[in-house]
Amino acid sequence: MKNAMRSATPHYTWIQGCYWMVYCILLSFSSVYLLEQGLSNTEIGLLLGLSGLASALLQPVAGARAGRMRRLSLGQLSGCLVGGMGLCALGLLLLPGKWVQGGLFMVLLALLQMLAPFLYAIGMGCAAQNIPLNFGLARGVGAGAYALASSLCGGLTALWGVGSIPLVLLAASLLLLVATLTFRPGTVPAPAPTTSEEDPAFLRKYPHLLPLLVGATLLYTSHNVIMRFPYQIIQGVGGGSVEMGQLLTVQGLMDIPAMVVFSLLLRRAEGRTWGRLAGVSFFLHALLTWVAPSLPVLFAVQVFEMTGYGLYAVASVCFVRDLVAPEDQVQGQTFFNMTNTLGVVISCFAGGVLLDWAGPQAALAFATLTGAGGMGLVWVLLGRKAPVAVAQHG
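It should be emphasised that the depicted structure is a prediction, and the values quoted were computed from it without experimental measurement. (Residues numbered from 1 in each chain as written. Predicted model: local features only at pLDDT ≥ 70, side-chain atom pairs only at ≥ 80, totals over all residues. Heavy atoms only, no water.)

Enquirer: Where do I start with the overall build of the protein chain in this structure?
Expert: Within the protein chain one finds 19 helices and zero strands. Of all 394 residues assigned to the protein chain, the portion counted as buried reaches 54%. Counting every atom, the protein chain has about 15900 Å² of accessible surface; 69% of that belongs to carbon and sulfur. (Helix = DSSP H or I, 4+ residues; strand = E, 2+ residues; numbered from the N terminus. Buried < 20%, exposed > 50% of the residue type's maximum accessible area, 1.4 Å probe, protein only. Areas by Shrake-Rupley, 256 points an atom, 1.4 Å probe, with all protein chains shown as cover.)

Enquirer: Just to check I follow, could you spell out the nonpolar core for this structure?
Expert: Soluble globular proteins tend to pack their nonpolar side chains together in the buried interior. Formed by 100 residues in total, the largest nonpolar core has its most connected members in Y19, L26, L212, Y312 and F336. Among all residues touching Y19, those that are not within four sequence positions of it are L112, L115, A116, L119 and L176. Counting nine residues, the second-largest nonpolar core is a separate cluster that includes V225, I226, L355 and L364. (Core = buried A, V, L, I, M, F, W, Y, C linked by side-chain atoms within 4.5 Å. Contact = heavy atoms within 4.5 Å.)

Enquirer: I tried to follow the packing of helix α6 (residues 135–160) against helix α11 (residues 241–260) on my own but got confused; where do I start?
Expert: Helix-helix packing: each pair is described by the crossing angle between the helix axes and the interaxial distance. One way to put it is that α6 packs onto α11 with a least axis distance of 8 Å and a crossing angle of 175°. Classified by the angle between their axes, α6 and α11 sit roughly antiparallel to one another. Counted together, G136, R139, G140, A143, G144, Y146, A147, S150, S151, G154, T157 and A158 of α6 and S241, V242, G245, L248, T249, G252, L253, D255, I256, M259 and V260 of α11 form the full contact between these two elements. (Axes fitted to C-alpha atoms, helices over the stretch in contact; angles between N-to-C directions. Parallel < 35°, antiparallel > 145°, perpendicular 65-115°, else oblique.)

Enquirer: Which parts of the structure should I look at to understand empty space enclosed by the protein?
Expert: Summary: where empty space remains is shown by rolling a probe the size of a single water molecule over the atoms. The full count for this structure, using the stated rule, is two cavities of 30 Å³ or more. Estimates place the volume of the largest cavity at around 130 Å³. What lines the largest cavity is a set of 15 residues, and nearest its centre among them are W20, Y146, H223, M227 and Y309. At the level of elements, α1 (2–28), α6, α9 (209–228) and α11 are the ones that each hand at least two residues to the lining of the largest cavity. Element by element, the count of residues in the lining of the largest cavity is highest for α9, at four residues. For the lining of the largest cavity, the per-class residue count stands at six nonpolar, five polar and four charged. Size it by volume and the second largest cavity reaches roughly 40 Å³. The set of elements that each furnish at least two residues to the lining of the second largest cavity consists of α1 and α5 (98–128). (1 Å grid on protein atoms, 1.4 Å probe; cavity = no way out; pocket = protein on both sides within 12 Å on 5 of 7 lines; lining within 4 Å. Points joined across faces, edges and corners; volume = space filled by probe spheres on them. Nonpolar A, V, L, I, M, F, W, Y, C, P; charged D, E, K, R; others polar.)

Enquirer: Just to check I follow, could you spell out a nonpolar patch on the surface for this structure?
Expert: A contiguous nonpolar surface patch, about 510 Å² in accessible area, is contributed by L46, L50, L53, L57, L58 and F349. Looking at the nonpolar patch, the element that brings in the most residues is helix α3 (residues 41–68), giving five residues. For L57, a relative accessible area of 60% puts it in the exposed group. (Patch = residues over 30% accessible without salt bridge, like charges linked within 9 Å, V, L, I, M, F, W, Y side chains within 5 Å. Salt bridge = Lys/Arg side-chain N within 4 Å of Asp/Glu carboxyl O.)

Enquirer: Please explain helix α18 (residues 360–382) as it appears in this structure.
Expert: Each α-helix turn comprises 3.6 residues. Residues three or four places apart therefore point the same way. The terminal C-alpha atoms of α18 lie 32 Å apart, and with 23 residues this matches the ideal 33 Å at 1.5 Å per residue to within 8%. For α18, the complete set of buried residues consists of A363, L364, A365, A367, T368, T370, G371, G374, V378, L381 and L382. (Expected span 1.5 Å × (residues − 1).)

Enquirer: Teacher, can you tell me more about the packing of α9 against α18 here?
Expert: Their axes nearest at 7 Å, the elements α9 and α18 cross at an angle of 150°. The orientation of α9 relative to α18 falls into the category roughly antiparallel. When you trace α9 past α18, the crossing you get is left-handed. Among the residues forming the contact of α9 with α18, the class breakdown is 17 nonpolar, seven polar and no charged. (Left-handed = near helix turned anticlockwise from the far one by under 90°.)

Enquirer: Looking at this structure, how should I read the pattern of salt bridges?
Expert: Opposite charge on two side chains allows them to pair when their charged atoms are near. Applying the stated criterion to the full structure yields one salt bridge. Two residues, R272 and E270, come together in a salt bridge whose shortest N-O distance is 3.7 Å. Among the residues examined, R272 registers a relative accessible area of 10% and is labelled buried.

Enquirer: Quick question: what am I supposed to make of the confidence of the model for the protein chain here?
Expert: A residue-level look at the protein chain finds 85% of positions with pLDDT of 70 or above and a mean pLDDT of 80. Mean pLDDT per element in the protein chain: helix α19 (residues 388–391) is the minimum at 40, and α18 is the maximum at 93. Under a pLDDT of 50 for its full length, residues 190–199 has, in the predicted model, 22 contacts with residues more than four places off or in other chains. (pLDDT = per-residue confidence, 0-100.)

Enquirer: Looking at this structure, I do not really get the environment of C348. What am I missing?
Expert: Its location among the elements puts C348 in helix α17 (residues 329–358). With 296 residues separating them along the chain, C348 and G52 place their C-alpha atoms 9.0 Å apart. Setting aside anything within four residues of it in sequence, one finds C348 in contact with G45, L48, G49, R228 and F229.

Enquirer: Even after reading the chapter, I still don't get the packing of aromatic side chains, so can you show me in this structure?
Expert: Geometrically, a pair of aromatic rings is defined through the distance of the ring centres and the angle of the planes. The full count for this structure, using the stated rule, is eight aromatic pairs. Measuring from ring centre to ring centre gives 5.2 Å for Y19 and W20, while their planes differ by 85°; the resulting arrangement is edge-to-face. Relative to F282, the ring of Y220 lies with its centre 6.3 Å away and its plane at 70°, an arrangement referred to as edge-to-face. Placement of the pair is Y220 in helix α9 and F282 in helix α13 (residues 271–291), with a sequence separation of 62 residues. For F282, a relative accessible area of 4% puts it in the buried group. The ring of W379 has R276 lying over it, and the distance from NZ or CZ to the ring centre is 3.9 Å. (Phe/Tyr/Trp six-rings, centres within 6.5 Å; stacked < 30°, edge-to-face > 60°. Lys NZ or Arg CZ within 6 Å of the ring centre and 35° of its normal.)

Enquirer: Looking at this structure, I do not really get the side chain of T221. What am I missing?
Expert: Examined against the element boundaries, T221 turns out to sit in helix α9. Those residues in contact with T221, other than ones at most four positions away along the chain, are G343, I346, S347, F366 and T370.

Enquirer: Teacher, can you tell me more about the environment of S222 here?
Expert: Relative to the elements of secondary structure, S222 occurs in helix α9. When the C-alpha atoms of S222 and G374 are compared, they prove to be 8.5 Å apart, with 152 residues separating the residues in sequence. With residues near it in sequence (within four places) discarded, S222 still touches F282, A286, A367, T370 and G371.

Enquirer: Looking at this structure, I do not really get the environment of T289. What am I missing?
Expert: Examined against the element boundaries, T289 turns out to sit in helix α13. Considered as a pair, T289 and Q361 are 72 residues apart in the sequence and their alpha carbons are 9.4 Å apart. In contact with T289, not counting residues within four places along its chain, are I226, I233, L298, V301, Q302 and L364. There is a polar contact of 2.6 Å between the side chain of T289 and the backbone oxygen of H285. (Polar contact = N/O pair within 3.5 Å; in protein donor to acceptor, adjacent residues only side chain to side chain.)

This is the structure we're talking about:
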(Lines give C-alpha, C1' and ligand atoms only; values in the text may rest on other atoms or scores of the structure.)
Protein backbone atom coordinates (compact mmCIF):
# COMPACT_ATOMS: atom_id res chain seq x y z
CA MET A 1 0.00 0.00 0.00
CA LYS A 2 2.85 2.36 0.71
CA ASN A 3 4.23 1.93 -2.78
CA ALA A 4 0.83 2.67 -4.23
CA MET A 5 0.53 5.75 -2.05
CA ARG A 6 3.95 6.99 -3.11
CA SER A 7 3.19 6.49 -6.81
CA ALA A 8 -0.21 8.23 -6.91
CA THR A 9 0.88 11.86 -7.16
CA PRO A 10 3.73 11.39 -9.69
CA HIS A 11 1.65 9.19 -11.98
CA TYR A 12 -1.42 11.41 -11.74
CA THR A 13 0.83 14.38 -12.49
CA TRP A 14 2.00 12.55 -15.62
CA ILE A 15 -1.63 12.07 -16.66
CA GLN A 16 -2.46 15.74 -16.06
CA GLY A 17 0.63 16.89 -17.94
CA CYS A 18 -0.17 14.79 -21.00
CA TYR A 19 -3.86 15.72 -20.91
CA TRP A 20 -3.18 19.46 -20.89
CA MET A 21 -0.64 19.11 -23.70
CA VAL A 22 -3.34 17.47 -25.83
CA TYR A 23 -5.85 20.09 -24.67
CA CYS A 24 -3.57 22.92 -25.75
CA ILE A 25 -2.82 21.42 -29.16
CA LEU A 26 -6.47 20.70 -29.93
CA LEU A 27 -8.24 23.74 -28.59
CA SER A 28 -5.68 26.52 -28.87
CA PHE A 29 -4.32 25.54 -32.30
CA SER A 30 -7.61 24.39 -33.83
CA SER A 31 -8.39 27.73 -35.46
CA VAL A 32 -4.99 28.20 -37.12
CA TYR A 33 -5.04 24.58 -38.36
CA LEU A 34 -8.61 24.62 -39.67
CA LEU A 35 -8.20 28.04 -41.31
CA GLU A 36 -5.33 26.52 -43.29
CA GLN A 37 -7.62 23.66 -44.35
CA GLY A 38 -9.99 26.22 -45.92
CA LEU A 39 -12.68 26.61 -43.25
CA SER A 40 -14.04 30.04 -42.33
CA ASN A 41 -14.19 31.40 -38.78
CA THR A 42 -17.94 30.77 -38.71
CA GLU A 43 -17.47 27.16 -39.85
CA ILE A 44 -14.71 26.64 -37.27
CA GLY A 45 -16.92 28.07 -34.54
CA LEU A 46 -19.74 25.76 -35.64
CA LEU A 47 -17.50 22.68 -35.50
CA LEU A 48 -16.02 23.60 -32.12
CA GLY A 49 -19.46 24.41 -30.72
CA LEU A 50 -20.97 21.15 -31.98
CA SER A 51 -18.11 19.18 -30.40
CA GLY A 52 -18.81 20.83 -27.05
CA LEU A 53 -22.54 20.21 -27.39
CA ALA A 54 -21.95 16.55 -28.27
CA SER A 55 -19.67 16.05 -25.28
CA ALA A 56 -22.18 17.74 -22.95
CA LEU A 57 -24.90 15.33 -24.15
CA LEU A 58 -22.68 12.25 -24.05
CA GLN A 59 -20.97 12.87 -20.68
CA PRO A 60 -23.94 11.72 -18.53
CA VAL A 61 -24.42 8.64 -20.73
CA ALA A 62 -20.73 7.76 -20.59
CA GLY A 63 -20.68 8.27 -16.83
CA ALA A 64 -23.69 5.98 -16.33
CA ARG A 65 -22.18 3.27 -18.56
CA ALA A 66 -18.86 3.58 -16.72
CA GLY A 67 -20.61 2.88 -13.45
CA ARG A 68 -21.86 -0.45 -14.78
CA MET A 69 -18.55 -1.58 -16.35
CA ARG A 70 -17.06 -3.13 -13.24
CA ARG A 71 -14.32 -5.06 -15.11
CA LEU A 72 -12.50 -1.89 -16.19
CA SER A 73 -10.73 0.67 -14.05
CA LEU A 74 -11.11 4.39 -14.64
CA GLY A 75 -7.63 4.42 -16.13
CA GLN A 76 -8.61 1.75 -18.65
CA LEU A 77 -11.87 3.53 -19.51
CA SER A 78 -9.92 6.75 -20.00
CA GLY A 79 -7.46 4.84 -22.16
CA CYS A 80 -10.31 3.78 -24.47
CA LEU A 81 -11.21 7.43 -25.08
CA VAL A 82 -7.56 8.38 -25.60
CA GLY A 83 -7.15 5.49 -28.04
CA GLY A 84 -10.00 6.92 -30.10
CA MET A 85 -8.27 10.30 -30.04
CA GLY A 86 -5.04 8.72 -31.28
CA LEU A 87 -6.86 7.14 -34.22
CA CYS A 88 -8.42 10.49 -35.12
CA ALA A 89 -5.02 12.19 -34.90
CA LEU A 90 -3.68 9.56 -37.30
CA GLY A 91 -6.63 10.31 -39.58
CA LEU A 92 -5.61 13.97 -39.70
CA LEU A 93 -2.28 12.87 -41.17
CA LEU A 94 -3.74 10.44 -43.71
CA LEU A 95 -7.16 11.70 -44.81
CA PRO A 96 -7.41 14.92 -46.92
CA GLY A 97 -10.39 17.22 -47.41
CA LYS A 98 -11.45 20.19 -45.32
CA TRP A 99 -14.68 18.64 -44.07
CA VAL A 100 -13.00 15.32 -43.29
CA GLN A 101 -10.35 17.23 -41.34
CA GLY A 102 -13.00 19.37 -39.66
CA GLY A 103 -15.06 16.29 -38.75
CA LEU A 104 -12.03 14.54 -37.25
CA PHE A 105 -11.25 17.66 -35.21
CA MET A 106 -14.86 17.75 -33.97
CA VAL A 107 -14.67 14.11 -32.82
CA LEU A 108 -11.27 14.76 -31.20
CA LEU A 109 -12.62 17.73 -29.25
CA ALA A 110 -15.72 15.83 -28.11
CA LEU A 111 -13.58 12.92 -26.87
CA LEU A 112 -11.19 15.33 -25.13
CA GLN A 113 -13.99 17.03 -23.21
CA MET A 114 -15.62 13.70 -22.34
CA LEU A 115 -12.28 12.55 -20.92
CA ALA A 116 -12.00 15.33 -18.31
CA PRO A 117 -14.60 13.97 -15.80
CA PHE A 118 -12.96 10.53 -15.93
CA LEU A 119 -9.57 12.00 -15.06
CA TYR A 120 -11.02 14.04 -12.20
CA ALA A 121 -12.83 10.90 -10.99
CA ILE A 122 -9.47 9.10 -10.87
CA GLY A 123 -8.30 11.74 -8.39
CA MET A 124 -11.50 11.43 -6.34
CA GLY A 125 -11.09 7.63 -6.36
CA CYS A 126 -7.61 7.96 -4.88
CA ALA A 127 -8.99 10.19 -2.12
CA ALA A 128 -11.75 7.65 -1.42
CA GLN A 129 -9.08 4.98 -0.93
CA ASN A 130 -7.04 7.29 1.33
CA ILE A 131 -4.24 7.47 -1.23
CA PRO A 132 -2.50 10.86 -0.86
CA LEU A 133 -2.77 12.96 -4.00
CA ASN A 134 -1.64 16.57 -4.36
CA PHE A 135 -4.19 17.71 -6.94
CA GLY A 136 -2.98 21.32 -6.97
CA LEU A 137 0.57 20.24 -7.79
CA ALA A 138 -0.60 17.87 -10.52
CA ARG A 139 -2.84 20.53 -12.03
CA GLY A 140 0.00 23.06 -11.86
CA VAL A 141 2.28 20.71 -13.76
CA GLY A 142 -0.56 20.35 -16.26
CA ALA A 143 -0.51 24.11 -16.75
CA GLY A 144 3.24 23.95 -17.28
CA ALA A 145 2.78 21.20 -19.88
CA TYR A 146 0.17 23.39 -21.57
CA ALA A 147 2.75 26.18 -21.76
CA LEU A 148 5.36 23.78 -23.15
CA ALA A 149 2.97 22.51 -25.82
CA SER A 150 2.08 26.10 -26.75
CA SER A 151 5.70 27.05 -27.28
CA LEU A 152 6.49 23.83 -29.13
CA CYS A 153 3.51 24.02 -31.50
CA GLY A 154 4.00 27.72 -32.16
CA GLY A 155 7.64 27.18 -33.10
CA LEU A 156 6.99 24.09 -35.22
CA THR A 157 4.11 25.78 -37.03
CA ALA A 158 6.36 28.71 -37.91
CA LEU A 159 9.11 26.36 -39.15
CA TRP A 160 7.20 23.60 -40.93
CA GLY A 161 3.62 24.84 -41.21
CA VAL A 162 0.37 23.58 -39.69
CA GLY A 163 1.09 20.04 -40.91
CA SER A 164 3.25 19.60 -37.81
CA ILE A 165 0.23 20.00 -35.49
CA PRO A 166 -1.24 16.49 -36.08
CA LEU A 167 2.22 14.96 -35.51
CA VAL A 168 2.64 16.65 -32.12
CA LEU A 169 -0.97 15.76 -31.27
CA LEU A 170 -0.40 12.09 -32.09
CA ALA A 171 2.77 11.97 -29.96
CA ALA A 172 1.05 13.63 -26.98
CA SER A 173 -1.96 11.30 -27.34
CA LEU A 174 0.29 8.23 -27.24
CA LEU A 175 1.97 9.51 -24.06
CA LEU A 176 -1.45 10.09 -22.49
CA LEU A 177 -2.59 6.62 -23.56
CA VAL A 178 0.36 4.99 -21.80
CA ALA A 179 -0.18 7.16 -18.71
CA THR A 180 -3.85 6.25 -18.33
CA LEU A 181 -3.50 2.53 -19.07
CA THR A 182 -0.65 2.08 -16.59
CA PHE A 183 -2.30 4.00 -13.71
CA ARG A 184 -2.77 1.40 -10.97
CA PRO A 185 -2.52 2.96 -7.51
CA GLY A 186 -5.20 0.97 -5.89
CA THR A 187 -6.52 0.26 -8.64
CA VAL A 188 -9.17 3.00 -8.86
CA PRO A 189 -12.40 1.32 -9.98
CA ALA A 190 -15.07 2.91 -12.12
CA PRO A 191 -17.59 4.57 -9.75
CA ALA A 192 -20.88 2.80 -9.26
CA PRO A 193 -23.82 5.15 -9.77
CA THR A 194 -25.67 6.07 -6.61
CA THR A 195 -29.27 7.06 -6.16
CA SER A 196 -28.20 10.66 -5.64
CA GLU A 197 -26.11 10.73 -8.84
CA GLU A 198 -29.05 9.45 -10.88
CA ASP A 199 -31.52 11.88 -9.35
CA PRO A 200 -32.75 14.32 -12.05
CA ALA A 201 -34.02 16.68 -9.33
CA PHE A 202 -30.51 17.85 -8.35
CA LEU A 203 -31.25 21.49 -9.18
CA ARG A 204 -34.57 21.32 -7.36
CA LYS A 205 -32.67 20.17 -4.31
CA TYR A 206 -30.14 23.00 -4.73
CA PRO A 207 -32.06 25.83 -6.47
CA HIS A 208 -29.45 28.38 -5.33
CA LEU A 209 -26.89 26.70 -7.61
CA LEU A 210 -28.73 27.48 -10.86
CA PRO A 211 -27.84 31.21 -11.02
CA LEU A 212 -24.31 30.37 -9.89
CA LEU A 213 -24.05 27.86 -12.75
CA VAL A 214 -25.22 30.61 -15.12
CA GLY A 215 -22.53 32.93 -13.76
CA ALA A 216 -19.84 30.26 -14.14
CA THR A 217 -20.97 29.60 -17.72
CA LEU A 218 -20.68 33.30 -18.55
CA LEU A 219 -17.17 33.43 -17.07
CA TYR A 220 -16.10 30.43 -19.11
CA THR A 221 -17.71 31.91 -22.22
CA SER A 222 -15.60 35.04 -21.75
CA HIS A 223 -12.47 32.98 -21.13
CA ASN A 224 -13.02 30.65 -24.08
CA VAL A 225 -13.49 33.43 -26.62
CA ILE A 226 -9.89 34.40 -25.88
CA MET A 227 -8.58 30.84 -25.65
CA ARG A 228 -10.33 29.38 -28.72
CA PHE A 229 -9.40 32.15 -31.19
CA PRO A 230 -5.91 33.28 -30.11
CA TYR A 231 -4.59 33.41 -33.67
CA GLN A 232 -7.21 35.95 -34.78
CA ILE A 233 -6.68 38.03 -31.62
CA ILE A 234 -2.90 38.08 -31.98
CA GLN A 235 -3.23 39.06 -35.66
CA GLY A 236 -5.27 42.09 -34.57
CA VAL A 237 -2.21 43.56 -32.84
CA GLY A 238 0.32 42.58 -35.50
CA GLY A 239 1.40 39.10 -34.41
CA GLY A 240 1.54 35.68 -36.09
CA SER A 241 1.81 31.99 -35.22
CA VAL A 242 5.10 32.41 -33.32
CA GLU A 243 3.65 35.17 -31.14
CA MET A 244 0.50 33.10 -30.64
CA GLY A 245 2.59 30.22 -29.31
CA GLN A 246 4.45 32.62 -27.02
CA LEU A 247 1.17 34.12 -25.76
CA LEU A 248 -0.28 30.69 -24.97
CA THR A 249 2.95 29.76 -23.21
CA VAL A 250 2.68 32.83 -20.99
CA GLN A 251 -0.97 32.02 -20.25
CA GLY A 252 -0.07 28.46 -19.26
CA LEU A 253 2.76 29.63 -17.02
CA MET A 254 0.48 32.18 -15.34
CA ASP A 255 -1.85 29.37 -14.24
CA ILE A 256 0.83 27.52 -12.29
CA PRO A 257 1.44 29.69 -9.18
CA ALA A 258 -2.19 29.88 -8.04
CA MET A 259 -2.71 26.15 -8.56
CA VAL A 260 0.45 25.09 -6.75
CA VAL A 261 0.01 27.37 -3.69
CA PHE A 262 -3.77 27.09 -3.43
CA SER A 263 -3.59 24.91 -0.32
CA LEU A 264 -1.78 27.81 1.37
CA LEU A 265 -4.36 30.32 0.12
CA LEU A 266 -7.12 28.26 1.74
CA ARG A 267 -5.51 28.96 5.11
CA ARG A 268 -6.15 32.66 4.50
CA ALA A 269 -9.72 32.46 3.20
CA GLU A 270 -12.26 29.87 2.08
CA GLY A 271 -12.74 28.74 -1.50
CA ARG A 272 -15.69 31.00 -2.28
CA THR A 273 -13.63 34.12 -1.46
CA TRP A 274 -11.02 33.11 -4.03
CA GLY A 275 -13.80 32.27 -6.47
CA ARG A 276 -15.11 35.86 -6.20
CA LEU A 277 -11.62 37.26 -6.83
CA ALA A 278 -11.27 34.97 -9.84
CA GLY A 279 -14.54 36.31 -11.28
CA VAL A 280 -13.20 39.87 -11.18
CA SER A 281 -9.99 38.75 -12.88
CA PHE A 282 -11.90 36.99 -15.68
CA PHE A 283 -13.61 40.29 -16.46
CA LEU A 284 -10.42 42.36 -16.30
CA HIS A 285 -8.60 39.85 -18.50
CA ALA A 286 -11.25 40.17 -21.22
CA LEU A 287 -11.57 43.94 -20.93
CA LEU A 288 -7.84 44.66 -21.10
CA THR A 289 -7.32 42.14 -23.92
CA TRP A 290 -10.05 44.00 -25.84
CA VAL A 291 -8.40 47.42 -25.45
CA ALA A 292 -4.75 46.25 -25.72
CA PRO A 293 -3.13 48.43 -28.43
CA SER A 294 0.03 46.37 -28.97
CA LEU A 295 1.71 43.02 -28.45
CA PRO A 296 3.65 44.06 -25.29
CA VAL A 297 0.44 45.27 -23.63
CA LEU A 298 -1.39 42.10 -24.66
CA PHE A 299 1.34 40.00 -23.07
CA ALA A 300 1.28 42.10 -19.89
CA VAL A 301 -2.48 41.62 -19.54
CA GLN A 302 -1.97 37.87 -19.14
CA VAL A 303 -1.12 38.40 -15.47
CA PHE A 304 -4.89 38.26 -14.90
CA GLU A 305 -4.84 34.66 -16.14
CA MET A 306 -3.13 33.82 -12.82
CA THR A 307 -5.87 35.22 -10.61
CA GLY A 308 -8.62 34.39 -13.11
CA TYR A 309 -8.71 30.94 -14.65
CA GLY A 310 -5.67 29.68 -12.71
CA LEU A 311 -7.35 30.46 -9.39
CA TYR A 312 -10.90 29.56 -10.41
CA ALA A 313 -9.95 26.08 -11.69
CA VAL A 314 -9.00 25.00 -8.16
CA ALA A 315 -11.24 27.30 -6.10
CA SER A 316 -14.39 26.03 -7.81
CA VAL A 317 -13.69 22.48 -6.62
CA CYS A 318 -13.59 23.79 -3.06
CA PHE A 319 -16.65 26.01 -3.07
CA VAL A 320 -18.76 23.34 -4.77
CA ARG A 321 -17.71 20.99 -1.97
CA ASP A 322 -18.94 23.58 0.54
CA LEU A 323 -22.27 24.18 -1.22
CA VAL A 324 -23.30 20.57 -1.88
CA ALA A 325 -23.97 17.69 0.50
CA PRO A 326 -21.35 14.90 0.63
CA GLU A 327 -23.58 12.37 -1.13
CA ASP A 328 -24.09 14.81 -4.03
CA GLN A 329 -20.46 15.81 -4.55
CA VAL A 330 -19.93 13.91 -7.80
CA GLN A 331 -23.04 15.38 -9.39
CA GLY A 332 -22.19 18.86 -8.15
CA GLN A 333 -18.70 18.72 -9.63
CA THR A 334 -20.13 17.36 -12.88
CA PHE A 335 -22.56 20.26 -13.19
CA PHE A 336 -19.78 22.80 -12.69
CA ASN A 337 -17.52 20.94 -15.13
CA MET A 338 -20.29 21.24 -17.71
CA THR A 339 -20.30 25.05 -17.35
CA ASN A 340 -16.88 25.02 -19.05
CA THR A 341 -18.30 22.84 -21.83
CA LEU A 342 -21.25 25.21 -22.28
CA GLY A 343 -18.85 28.14 -22.26
CA VAL A 344 -16.92 26.48 -25.10
CA VAL A 345 -20.13 25.95 -27.08
CA ILE A 346 -21.37 29.54 -26.69
CA SER A 347 -17.97 31.13 -27.27
CA CYS A 348 -17.30 29.07 -30.39
CA PHE A 349 -20.66 29.75 -32.00
CA ALA A 350 -20.71 33.46 -31.13
CA GLY A 351 -16.98 34.05 -31.52
CA GLY A 352 -16.78 32.46 -34.97
CA VAL A 353 -19.71 34.48 -36.30
CA LEU A 354 -18.47 37.76 -34.79
CA LEU A 355 -14.95 37.24 -36.16
CA ASP A 356 -16.28 36.80 -39.71
CA TRP A 357 -18.83 39.62 -39.51
CA ALA A 358 -17.02 42.27 -37.48
CA GLY A 359 -13.48 41.10 -36.61
CA PRO A 360 -11.64 40.29 -33.36
CA GLN A 361 -12.65 43.52 -31.59
CA ALA A 362 -16.31 42.54 -31.74
CA ALA A 363 -15.52 39.07 -30.38
CA LEU A 364 -13.52 40.59 -27.52
CA ALA A 365 -16.35 43.03 -26.76
CA PHE A 366 -18.63 39.99 -26.43
CA ALA A 367 -16.06 38.36 -24.12
CA THR A 368 -15.99 41.49 -21.97
CA LEU A 369 -19.79 41.65 -21.69
CA THR A 370 -20.14 37.99 -20.73
CA GLY A 371 -17.24 38.37 -18.29
CA ALA A 372 -18.99 41.31 -16.64
CA GLY A 373 -22.24 39.36 -16.29
CA GLY A 374 -20.47 36.31 -14.89
CA MET A 375 -18.42 38.42 -12.49
CA GLY A 376 -21.56 40.08 -11.10
CA LEU A 377 -23.41 36.83 -10.53
CA VAL A 378 -20.46 34.99 -9.00
CA TRP A 379 -19.54 37.94 -6.76
CA VAL A 380 -23.05 38.26 -5.34
CA LEU A 381 -23.91 34.57 -5.06
CA LEU A 382 -20.63 33.39 -3.54
CA GLY A 383 -20.88 36.27 -1.07
CA ARG A 384 -23.99 34.71 0.44
CA LYS A 385 -23.99 32.00 3.07
CA ALA A 386 -25.02 28.52 1.99
CA PRO A 387 -28.66 27.66 2.81
CA VAL A 388 -29.14 25.95 6.18
CA ALA A 389 -30.43 22.76 4.53
CA VAL A 390 -27.15 22.39 2.63
CA ALA A 391 -24.93 23.44 5.49
CA GLN A 392 -26.44 20.71 7.66
CA HIS A 393 -25.14 18.07 5.27
CA GLY A 394 -21.56 19.27 5.77
